[in-house]
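# Notes for the structure review
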Amino acid sequence: MDTDILVVGAGIHGAAVAHAAARRGYRVRVIEQFGRPAEGTSGRSSKLIHGGLRYLETGQIRLVRECLREQRTLLRERPALVKLVPFYLPVYRRTSRPAWKIAVGLWLYRLLGGHRFRRLPAGEWQALDGLDSRDLRAVFRYFDAQTDDRALTAAVLADAQALGTGVAFGTRLEGIACEATRCVVHCRGPAGVEAVTAACVVNAAGPWVNRVLARATPRPAMLAIELVQGTHIVVAGELRRGIYYLEAPQDRRAVFAMPWKGRTLIGTTETPYRDDPADVHPLAAEQAYLLAVYNHYFQRGLELTDIEDSFAGLRVLPAGEGSAFTRPRETILHRDPAAPRLLSIYGGKLTSHAHTARQVMKRLAPLLPGG
Ligand SMILES: Cc1cc2nc3c(=O)[nH]c(=O)nc-3n(C[C@H](O)[C@H](O)[C@H](O)COP(=O)(O)OP(=O)(O)OC[C@H]3O[C@@H](n4cnc5c(N)ncnc54)[C@H](O)[C@@H]3O)c2cc1C
């Protein structure tokens, strides 16, 4: 056997699984089609390490508690990369949720492991980066964490490499055949096609998850998913006080405006996506939508030409009815009982990567050497 675990994908999940496996003493190899880590979703997120305050509304209490627990661990273990930041949540006359409801939500969030919050006195509103104070009824300040998603993914992968994990960039999975005792994976890298044998394969291919499964023989069962595009834009000028949690006036969706490397990052959108994940790109309508939210709340009058950068990532959500907002955001670990050595990760959060990796290892342990 060439390796114990072969991981497909060097996003946050691939990196985290490699790290968890290497820490347990297994031999691990990671293959990544692109030239560096986090070139997929993990470098195009909102860069928040958070419980997801808004998931309380859809009753995803377990997810919120789990993410807040992971947040505390990351604040402790990666203080250079994960930092607590103040979030400001303004409530206007027309905001769909009244101030009392937001206060209850923040109180519950605190109870589930979140940080302190308070309602700012009106005298402090003027210091909020030019936030429109007309019809403003209340502003809540609470704390959550922000990271650099690319740097976090690279750091987790580097930790795995320090424990002996081999990483092959520019290497694409072309085919997998899983048998009773092992899997054979065909990878195309700079030196051509190589066959690698592994006790188990972890499919951490993000939005490519089903494309990877489609290359397995015999073809395993796969989950029905929808890809939902989320775009961010970057404009000049930094918000000094922290992150603003806004309600888009157009459709009442949550939009964040946050300081980001000396500029302002605004996101995100929810646009259904059906093409090749490699081709995802910000749409003009999404950029206009995000800019309109920012202009509305900060009275900036920016034009599309003022957008200095933009990027789009893809959420992997279970196929179903209703808006992307109400769809469950839990990570799903999937295995076809006929091919138990091939495990796929669907969806998930940057925040809960280490928890997901521990769950993966728990499932695979009986099939690995010593199991
Ligand atoms: C818009 C948006 C905002 C988000 N914001 C947040 C947030 O603020 N906080 C949070 O906690 N979570 C957030 N998330 C969720 C989080 O970003 C993702 O769940 C996470 O990054 C997914 O990581 P991954 O490793 O599964 O996938 P990816 O990062 O997409 O990695 C998959 C990797 O597999 C590689 N790959 C695919 N096919 C092959 C192949 N055949 N051979 C070799 N390599 C292959 C790809 O190149 C890619 O690098 C957000 C998601 C989106 C879309």
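Residues numbered from 1 in each chain as written. Predicted model: local features only at pLDDT ≥ 70, side-chain atom pairs only at ≥ 80, totals over all residues.

## Observations regarding the domain arrangement of the protein
- Under the domain assignment used here, the protein contains domain 1 (3-42 + 150-224 + 331-367) and domain 2 (84-145 + 226-326).
- Spacing between the C-alpha centres of domain 1 and domain 2 amounts to 32 Å.
- Contact with domain 1, which involves 9 residues of that partner, is made by 8 residues of domain 2.
- Classifying every residue of the side of domain 1 that touches domain 2 gives 6 nonpolar, 3 polar and no charged. (Domains from an automatic or database assignment. Contact = placed C-beta atoms within 7 Å. Nonpolar A, V, L, I, M, F, W, Y, C, P; charged D, E, K, R; others polar.)

## Thoughts on helix 7 (residues 353-364)
- Over its 12 residues, helix 7 runs 17 Å from end to end, which matches the ideal 16 Å to within 8%, given 1.5 Å per residue.
- Of all the positions in helix 7, only His353, Thr356, Ala357, Val360 and Leu364 are classed as buried. Viewed along the axis of helix 7, the buried residues span an arc of 100 degrees, placing them on a single side of the element.
- Considering only its buried residues, helix 7 is in contact with helix 1 (12-23), strand 10 (192-203), strand 18 (332-334) and strand 19 (342-346). (Helix = DSSP H or I, 4+ residues; strand = E, 2+ residues; numbered from the N terminus. Expected span 1.5 Å × (residues − 1). Buried ≥ 20, exposed ≤ 12 C-beta atoms within 10 Å, placed from the backbone. Arc of directions from axis to C-beta.)

## Comments concerning unusual backbone geometry
- Following threonine 217, the chain continues to proline 218 via a peptide bond in cis, the omega torsion being -10 degrees.
- Among the secondary structure elements, proline 218 is positioned in the loop between strand 11 (216-217) and strand 12 (225-235).
- Here the residue pair glycine 267 and threonine 268 is connected by a cis peptide bond, since its omega of 15 degrees sits within 30 degrees of zero.
- Among the secondary structure elements, threonine 268 is positioned in the loop between strand 15 (263-267) and strand 16 (271-273).
- We note that alanine 38 has phi near 60 degrees; this positive angle belongs to a residue other than glycine.
- Tracing the sequence through the fold places alanine 38 in the loop between strand 2 (28-32) and strand 3 (48-49).
- A positive phi angle is found at aspartate 129, which is not glycine, with a value near 55 degrees.
- Its place among the elements puts aspartate 129 in the loop between strand 5 (117-119) and strand 6 (136-147).
- The exposure class of aspartate 129 is partly exposed, given the 17 C-beta atoms found within 10 Å.

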